[in-house]
Amino acid sequence: MKKNFGTKPWFYPLPVLIIGTYDENGKADAMNAAWGGLYGANMVELCLSAGHKTTKNIKSKKAFTVSFADAAHVAACDYVGIVSANDTPDKMEKAGFTVTKSEFVDAPVINELPMTLECRLVKVTEEGNIIGEIVNIGADESILDSDGKIDAAKLRPIAFEPVGNGYYVLGEKVGNAFSDGNSLK
């Protein structure tokens, strides 16, 4: 028997996305956002409120990066989500994050996080969601397998668990997509 919980913002897994932007003065900022994901094959959608400094920066610069929070940087990734750049302008330094300017968009790549999507703003929806086109994906060599592909076990991305407010590491492979289901044909 299943227990009913009604309507809640519970969705599994919720990736922990670290959104990087520059402000009008070129100062790097980052925020933790769990509500976002793919929007088609080459775009992302972020659900960010209008009051975030990050939202203002994206609208101003027309660009942003999306890095995947990893197990090695849980505290820093959580910190940039609980502190606002509106109130704490040096939050990147306090988090221990350093940045390099993207070669593709006017946004920072966080050096400590090993995988980043570099995005150009496409539009802001009527609901306020941000749609961005992925123009490049950068990955540190430390998370690549012997074939040069991203290895989730090496990346060790974390997911947000909304019921207990926990972070969980992903990485154990349990099957093969577009393949294992063939055994049921």
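This structure is a prediction, so every number in the text was calculated from the model and none was measured.

Let us look at the overall build of the chain. Regarding its fold elements, the chain presents four helices and twelve strands. Taking 2.2 N^0.38 as the reference for a compact globule, 185 residues should give roughly 16 Å; the C-alpha atoms of the chain span a radius of gyration of 17 Å, in line with that estimate. Expressed along its principal axes, the backbone C-alpha trace of the chain runs to roughly 55 × 45 × 30 Å. When each of the 185 residues of the chain is scored for burial, the buried share is 38%. By sequence separation, contacts in the chain at least 24 residues apart represent 55% of the contacts at least 6 residues apart. Total accessible area on the chain stands at roughly 10,800 Å², and carbon and sulfur atoms take up 54% of it. Each charge class in the chain can be summarised by its mean position, and for the 19 positive and 24 negative side chains these summaries are 6 Å apart.

Taken together, the buried positions of helix H1 (residues 53-61) are occupied by Lys 53, Thr 54, Thr 55, Asn 57 and Ile 58. Packed against the buried residues of H1 are strand S2 (17-22), strand S3 (28-33), strand S6 (63-68), strand S9 (115-124) and strand S10 (130-139). Note on H1: the residue one or two positions beyond its end, Lys 62, has a positive phi of about 60°.

This part is about the side chain of Asn 57. Summarising the element assignment, Asn 57 is placed in helix H1. When its relative accessible area of 2% is taken as the criterion, Asn 57 is described as buried. Once residues within four sequence positions are removed from consideration, Asn 57 is found in contact with Thr 21, Tyr 22, Asp 23, Glu 24, Asp 29 and Lys 62.

Right, let's talk about the pairing of S6 for a bit. A regular strand places its side chains so that they alternate between the two faces of the sheet. Burial of S6 is extensive: six of the six residues sit out of reach of the surface. Here S6 shows no split at all, with Ala 63, Thr 65 and Ser 67 on one side and Phe 64, Val 66 and Phe 68 on the other all buried. Two elements, S2 and S6, share four bridges in a ladder whose sense is antiparallel. Residue pairing in the sheet places Ile 19 in a bridge with Val 66 of S6. Examined bridge by bridge, S6 and S9 share five bridges and lie antiparallel to one another. Looking at the pairing, Phe 64 lines up with Cys 119 of S9.

Let us now look at the pattern of salt bridges. This model, assessed by the stated rule, comprises seven salt bridges. Here Asp 23 and Lys 53 are joined by a salt bridge, their closest N and O atoms 4.0 Å apart. Here Asp 23 is found in the loop between S2 and S3, whereas its partner Lys 53 is found in helix H1, with 30 residues between them in sequence. Both residues of the pair, Asp 23 and Lys 53, belong to the buried class.

One pass over the full model with this rule turns up zero disulfides. Free cysteine Cys 47: the closest other cysteine sulfur is in Cys 119, separated by 16 Å. Residue classification places Cys 47 among the partly exposed positions, given a relative accessible area of 37%. With no disulfide of its own, Cys 77 lies 17 Å from the sulfur of Cys 119, the closest cysteine sulfur. For Cys 77, a relative accessible area of 1% translates into the label buried.

Quick notes on the rules
Residues numbered from 1 in each chain as written. Predicted model: local features only at pLDDT ≥ 70, side-chain atom pairs only at ≥ 80, totals over all residues. Heavy atoms only, no water. Helix = DSSP H or I, 4+ residues; strand = E, 2+ residues; numbered from the N terminus. Rg over C-alpha atoms; globule rule 2.2 N^0.38 Å. Buried < 20%, exposed > 50% of the residue type's maximum accessible area, 1.4 Å probe, protein only. Contact = heavy atoms within 4.5 Å. Areas by Shrake-Rupley, 256 points an atom, 1.4 Å probe, with all protein chains shown as cover. Lys, Arg positive; Asp, Glu negative; His and termini not counted. Charge placed at Lys NZ, Arg CZ, Asp CG, Glu CD. Pairing = 2+ DSSP bridges. Salt bridge = Lys/Arg side-chain N within 4 Å of Asp/Glu carboxyl O. Disulfide = S-S within 2.5 Å.

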